Amino acid sequence: MYSFYNSLAENSLKCRNVDEFANSIKALDPKLSGTITILSEYMKGLENVSEGEDWTRYTEEILDVIQKSKVDNSMKANLRGAIIIALASSKLWNSKTLRK
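Predicted model only: the values in this text are computed from it and were never measured.

The rules behind these values
Residues numbered from 1 in each chain as written. Predicted model: local features only at pLDDT ≥ 70, side-chain atom pairs only at ≥ 80, totals over all residues. Heavy atoms only, no water. Helix = DSSP H or I, 4+ residues; strand = E, 2+ residues; numbered from the N terminus. Contact = heavy atoms within 4.5 Å. Areas by Shrake-Rupley, 256 points an atom, 1.4 Å probe, with all protein chains shown as cover. Phe/Tyr/Trp six-rings, centres within 6.5 Å; stacked < 30°, edge-to-face > 60°. Buried < 20%, exposed > 50% of the residue type's maximum accessible area, 1.4 Å probe, protein only. Core = buried A, V, L, I, M, F, W, Y, C linked by side-chain atoms within 4.5 Å. Axes fitted to C-alpha atoms, helices over the stretch in contact; angles between N-to-C directions. Parallel < 35°, antiparallel > 145°, perpendicular 65-115°, else oblique.

Student: I tried to follow the overall build of the protein chain on my own but got confused; where do I start?
Tutor: Looking only at helices and strands, the protein chain has six helices and zero strands in total. Taken from the N to the C terminus, the helices and strands of the protein chain come in the order α-α-α-α-α-α. For the protein chain, restricting intrachain contacts to residue pairs at least 6 apart in sequence, the fraction spanning at least 24 positions comes to 36%. For the protein chain, the computed accessible surface area is about 7,300 Å², with 56% contributed by carbon and sulfur atoms.

As structure tokens, this is what we get:
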């Protein structure tokens, strides 16, 4: 397991974009392919989201993609939880109270 994480860290330094990094993870562990595809699409899509309603709509779209994906149900639950937490975190960190 340590060599996986070592390789992952090394690859992250060599990759120039999300796609390269995603492909390097898939090469390290092909079983993660479906999960990594979903996460990389999510990360690339974040660039097109401004704030507020866009975040909520984008999150709903990604949750739908996860639900329709072929990853196992346990991973779907993990991904859904992570995406929901990401939305909540973005709302918290972008709140007016924290910006003061």
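Student: Would you explain the packing of aromatic side chains in this entry?
Tutor: Two aromatic rings, taken as a pair, are described by how far apart their centres are and by the angle between their planes. Under the criterion given, the structure shown has two aromatic pairs. Considering the side-chain rings of Phe-4 and Tyr-5, the 5.4 Å spacing of their centres and the 80° angle between planes classify their relative orientation as edge-to-face. By relative accessible area, which is 18% here, Phe-4 ends up buried. Tyr-5 sits in the partly exposed class, given a relative accessible area of 48%.

Student: Looking at this structure, how should I read the side chain of Ser-40?
Tutor: With respect to the secondary-structure elements, Ser-40 resides in helix H3 (residues 33-46). Owing to a relative accessible area of 5%, Ser-40 belongs among the buried residues under this scheme. If near-sequence neighbours (up to four positions away) are discounted, Ser-40 is found in contact with Val-18 and Ala-22.

Student: Just to check I follow, could you spell out the nonpolar core for this structure?
Tutor: The nonpolar side chains of soluble globular proteins are, as a tendency, buried together. Judged by nonpolar contacts, Ile-38, Tyr-42, Val-49, Trp-55, Tyr-58, Ile-62, Leu-63, Ile-66, Val-71, Leu-79, Ile-83 and Leu-87 together constitute the single largest core of 12 residues. For this core, the secondary-structure elements that each account for two or more residues are H3, helix H4 (53-68) and helix H5 (73-93). Looking at this core element by element, the count peaks at five residues for H4. Non-local contacts of Val-49, meaning those with residues more than four positions away in its chain, are made with Asp-54, Trp-55 and Tyr-58. Counting five residues, the second-largest nonpolar core is a separate cluster that includes Leu-8, Ala-22, Ile-25 and Ile-36.

Student: For this particular structure, what's the right way to read the packing of helix H2 (residues 18-28) against H3?
Tutor: When two helices pack together, their arrangement is captured by the angle between the axes and the distance separating the axes. For the pair H2 and H3, interaxial distance at closest approach is 10 Å and the crossing angle is 170°. Here H2 is positioned roughly antiparallel relative to H3, judged by the angle of their axes. For the pair formed by H2 and H3, the contact residues are Val-18, Asp-19, Ala-22, Ile-25 and Lys-26 on the first element and Ser-33, Ile-36, Thr-37, Ser-40, Met-43 and Lys-44 on the second.

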